[in-house]
Amino acid sequence: MIARMSLRTIRWICFGICIFTMQSKSYAQAISGLSAVRVATGVGGVLFVTAAPGDTQRLFIVRKGGQIHILNLATGQLNATQFLNISARISTSSEQGLLGMAFDPSYATNGKFYLNFVVPGGTWSNGVTHVSQFQVSASNPDVADAASEKILLTFSHPQTNHNGGWIGFSPRAGDDHNLYIATGDGGSANDQDTGHIEPGGNAQNNTTLLGKMLRIHVEPVTGAVSIPSDNPFFGSGTYRQEIFAYGLRNPWRCSFDPQTGRLFIGDVGQDTREEIDAQPAPANLINGAFVQLAAAVTTPAINSVTYNGQPFTDGTQLFVNQTYTFVANATSDTWKVQFQRDNEVEWGDNTVPFSYTWTPKGAAPHTMNFIPINSNGARGNPFNVSFTVVAGSPTPTPTATPTPTATPTPTPTPTPSGSAPNYEWRLREGTVQTPASGAGGPRPPDGIDPIFDYPHTTGQCITGGYVYRGAQIPALQGVYVFGDYLGPEPGNVGRIFTFNYDGTSVSNFQDITRQLFPTKIGNYSLQNPASFGEDANHELYITDLGNGSVYKIVPATTSARINTIVTEPARN
């Protein structure tokens, strides 16, 4: 993302090789009255900015190298101490690094936040994504506890490009604490090469997490992960249940519109088009259609869990190489139980009565989580147990002769609740068939076209953005603001764009770069916009990876006094 050896190298290092084709759109009068001010500079590798819900005093600046800084919005100064530094544990090869950050919706009370980053290693030795929960320090709200990582999800990369990296919580009703995770197709080009499943590639194959939008439920207190019962493949024994949508190449930056609940996905293209996809709300998929789930009328619960007939509680001691059967005793309102061992989903869909048999092979501490779900998809409180496995053998106890019982009728394996949205990569780039040999194909029956795509002559590497919902710029209200990292060929200077979207069609596509840059105060130029971000008031910021700066979009009448220029303090 930082090297600038050639145009082709830049495409690979940033978001993958990408070229665009313009879709015919209607145009209207340009938005006026906009400007930009530089609020931070000297922050090399800046990829993203965000804020905790309700925290209007701080902006968190995320860097590719693994550092997170706090910009004090009241003073305009970067804190001297970093909020977090995990540079020692991550891989920054090619497009890898610390790529995404999201605050827990209840951060003000629980201090939890989530990161998406790549560490060395993996199946192909080309990196492993960690989606992890971290905790703010108990003694200092401006410093995080680097040792507090709880890994929620991991997956390996065949190549080092196309890592996706965006994560975010939904503002949609009934979607509380469901974390969305954007993943790339695995890298290389055209979703082909080592580690890309054939036929069709990773993005069209739902046995892999690559090339997808994932959706998992996070219990913030424990860090336990479960699968939302309205995920398209919930209960499938074949497809990955974390998948919420598929057919994506490199969904670099995404966002929710807090007013409409729409999810906008900026998906970087290959050699023909770039695209913006939009997923409507509500986000419940039944038989391939978005519908509203019925409200829950009962509360599921688990009364107790036993192992080999004994109570299973915190502190239980089990033994290596012994076989144990765990049974969850649930209320009549419980339809299914989602089970995890050590925060990994073992089975996502288990009709009550639920049981699980396990033979531990090594001595270690463990956790198990049993999450009750009723027939309307509502979850009850999880039943969590922390226990240890030790070497040795249990003291023998007399074995009672079992009373003969009738063999129960096996419960049929449930089928997925619906089909996931398919955004068509690698078969399609934007609205056309992918031209690369062996990659393209006709539009799939369940395919969803992007709401907007554009050509290489407009830009070469898309950066998704946000629908503006701030208060400082009324003329921008409800407008989608996004960018392009490289701008039109044959150059390599980025652009800032806008359009309107009414849920059906896009209109009023505009290039607003010249309104914003060079800035009226300081005459600072835009180089390579890597991301957009929001503060807690929904005002918009631009992170410029090319010059290590952060800019805020403001009204043209903004006073010079808020143009705070901040350079990162020197560090080893």
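Provided above is the structure to which this section pertains.
Fair warning: this is a prediction, and the values are worked out from it, not measured in the lab.

Things to note about the pairing of strand β9 (residues 128-136)
Regular strands place side chains that alternate from one sheet face to the opposite one.
Stage number 1. Across the 9 residues of β9, 8 count as buried, placing the element largely inside the fold.
Stage number 2. Sheet topology places strand β8 (residues 112-119) next to β9; 8 bridges connect them, and they run antiparallel. Residue Phe 117 lies in a different strand from β9, and its bridge partner there is His 130.
Stage number 3. In the sheet, β9 pairs with strand β10 (residues 144-156) via 8 bridges, with the strands oriented antiparallel. In the strand pairing of β10, Gln 133 is matched with Lys 150.

With respect to the layout of surface pockets
Stage number 1. Looking at the largest pocket, its volume works out to about 630 Å³.
Stage number 2. Lining the largest pocket are 26 residues, and of these Thr 50, Ala 51, Pro 53, Phe 169 and Glu 534 lie nearest its centre.
Stage number 3. Contributions of two or more residues to the lining of the largest pocket are made by β2 (46-50), β7 (98-103), β11 (167-169) and β16 (251-256).
Stage number 4. Grouping the amino acids of the lining of the largest pocket by side-chain chemistry returns 18 nonpolar, 6 polar and 2 charged.

Re the packing of aromatic side chains
Stage number 1. Taken as a whole and judged by the stated rule, the model has 39 aromatic pairs.
Stage number 2. With 5.1 Å between their ring centres and 45° between their planes, Phe 339 and Phe 370 make a pair best called tilted. In this pair, Phe 339 is assigned in strand β25 (residues 336-341) and Phe 370 in strand β28 (residues 364-373), connecting sequence segments 31 residues apart.
Stage number 3. By relative accessible area, which is 0% here, Phe 370 ends up buried.
Stage number 4. Summarising the aromatic geometry, the rings of Phe 482 and Phe 509 are spaced 6.4 Å apart at their centres and angled 45° between planes, so their arrangement reads as tilted.

Definitions and limits used
Residues numbered from 1 in each chain as written. Predicted model: local features only at pLDDT ≥ 70, side-chain atom pairs only at ≥ 80, totals over all residues. Heavy atoms only, no water. Buried < 20%, exposed > 50% of the residue type's maximum accessible area, 1.4 Å probe, protein only. Helix = DSSP H or I, 4+ residues; strand = E, 2+ residues; numbered from the N terminus. Pairing = 2+ DSSP bridges. 1 Å grid on protein atoms, 1.4 Å probe; cavity = no way out; pocket = protein on both sides within 12 Å on 5 of 7 lines; lining within 4 Å. Points joined across faces, edges and corners; volume = space filled by probe spheres on them. Nonpolar A, V, L, I, M, F, W, Y, C, P; charged D, E, K, R; others polar. Phe/Tyr/Trp six-rings, centres within 6.5 Å; stacked < 30°, edge-to-face > 60°.

It is worth stressing that arrangement in space is one thing and function is another; only the former is reported here.
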